[in-house]
Structures are given as structure tokens and as C-alpha cells.
Amino acid sequence: MKKELLNIINSSVEPVYELDLYIEKLKTSNRQDSAWYALKEIALEGEPKQRFVALTVISVNKPGFMEALSFELIKNKNYAKIETLLKPIINICSIVKNEKHMDYLIEVLNYSIKNKREYLFELTLRNILTTEYWNEIQSVIVDVVTNSDDLTIIDLLAFFLSERGVKEFDNLISILPQGEIERIERLKPEINKRLNECYERLIK
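About the cut-offs
Residues numbered from 1 in each chain as written. Predicted model: local features only at pLDDT ≥ 70, side-chain atom pairs only at ≥ 80, totals over all residues. Heavy atoms only, no water. Axes fitted to C-alpha atoms, helices over the stretch in contact; angles between N-to-C directions. Helix = DSSP H or I, 4+ residues; strand = E, 2+ residues; numbered from the N terminus. Parallel < 35°, antiparallel > 145°, perpendicular 65-115°, else oblique. Contact = heavy atoms within 4.5 Å. Nonpolar A, V, L, I, M, F, W, Y, C, P; charged D, E, K, R; others polar. Core = buried A, V, L, I, M, F, W, Y, C linked by side-chain atoms within 4.5 Å. Buried < 20%, exposed > 50% of the residue type's maximum accessible area, 1.4 Å probe, protein only. Arc of directions from axis to C-beta.

A.B. asks: For the packing of helix H8 (residues 118-129) against helix H10 (residues 150-174), give the residues involved together with the corresponding values.
C.D. replies: Two elements in contact, H8 and H10, have axes whose closest approach is 9 Å; the angle formed by their N-to-C orientations is 30 degrees. If you check the angle between H8 and H10, you find them roughly parallel. Two secondary-structure elements touch here, H8 through Leu125, Arg126 and Leu129 and H10 through Asp155, Leu156, Phe159, Phe160, Glu163 and Arg164. Of the residues that constitute the contact of H8 with H10, the class distribution is 5 nonpolar, no polar and 4 charged.

A.B. asks: Explain the nonpolar core to me, using residue names and the numbers behind them.
C.D. replies: Leu19, Leu39, Tyr104, Leu125 and Ile184 are the most contacted members of the largest nonpolar core, which has 67 residues in total. Leaving out residues up to four positions away in the same chain, Leu19 has contacts with Leu5, Ile8, Ile9, Leu39, Val53 and Val57.

A.B. asks: Please set out helix H9 (residues 138-147) residue by residue, giving values where relevant.
C.D. replies: Every buried residue of H9 is accounted for by Val140, Ile141, Val144 and Val145. Buried positions in H9, seen along its axis, are confined to an arc of 130 degrees and lie on one side of it. Exposed side of H9, more than 90 degrees from the buried face: Ser139 and Asn147 are the residues found there. Tucked into the core, H9 has its buried residues touching helix H7 (99-114), H8, H10 and helix H11 (178-199).

Set out below in C-alpha cells:
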């Protein structure tokens, strides 16, 4: 089974899609469980591309595997070496939402700030904002809001509002400097417009 999965990953133009399709077809047989265990092994021990694909497929389709797998993943703190794998790892950590995983995400956030990895920073920031642990990075949020243009803030706060709801949105705004609170008040119509057009969630 592991050989079959690796062949798909290594030869496909769209390995995530192809792997999804292949494993779905195994539902009609007794081989699907063995496929998931083989994929878990690849996620931990494969080459970088193989691990990325395996982690992506697992994070989307196999939540039952994620917690056990995640504890193995967050042991590796060499972020520079595993940077290409961090996207699915971050996704898994934000789904599991365990305190250790949140500590890991905050460490990755600090790594991205220190090393000026803008994409990694935004990805990690948004994943943290989907959790109740957003309070632990208040100073980072204040810095982002204070130093970003209106369009960036509109999108970020619309995203936060869609994920955390009105009450926590108000709590977030209350920690900002007075000048920024006034700015957000001015931008509220645009924030709500962005929320309705792009995030398609009712305000909680």
C-alpha cells in the first residue's frame, strides 16, 4: 500500500487530488484503513514533497488521525528545515487546538516575524485567530493593525469577525490604541461588506 501511495505522490501532476480520489475509491474494499496508516507513515518519514502531500490529505480528510500525528510533528522545532511542511502542520495544530499545539503555532509565528517570512506569518496569524488563543498574541495583532493599510485591516478583521463573532471582535477592538479604534469604527461598513462578500458567514 505504501508503495502505491508513493507512486501517486511522486508521479502525479496533482498529487493531493489524485490521492484523495484513490483513497476514496478504497471505501468499497477493506484497504482504506491500511491506506491511512501508510499515509501517516509517509507523513512522518517521507521526503519533503511526500510529507507535504500526505499531511495535506490527512489534515483535510482524517481528523481522527490528526491529534496523535500532530504530537509527533510538533517535536521538530527546526522551522527553517521544515518550512515547506509548515502549512499543513499549522492547519492540523489549529484544528486540534491543544495548548501544546497553540504554543507551537506561537513559536512559528515568532519565527516568521524574526525571519521576515510574510506568507508564513499571515498563515500562522490567521490560524491562531480561528482559536480562543488569539488573546495570547494581542501585541502582535496591535502591531499588525497599527502598521497596515486599510485594505489589509478590512480583510483581516472581516476574517476575524467571521471566525470569532461579534463579542470577541469587540474585545479585540478594545485592546487597540484609541486612534486605531476610531479608524476601525470608520472602516466598519467596509469590514461588514468584506465579511458578507468574501467569508459568507453570518455574524455570530
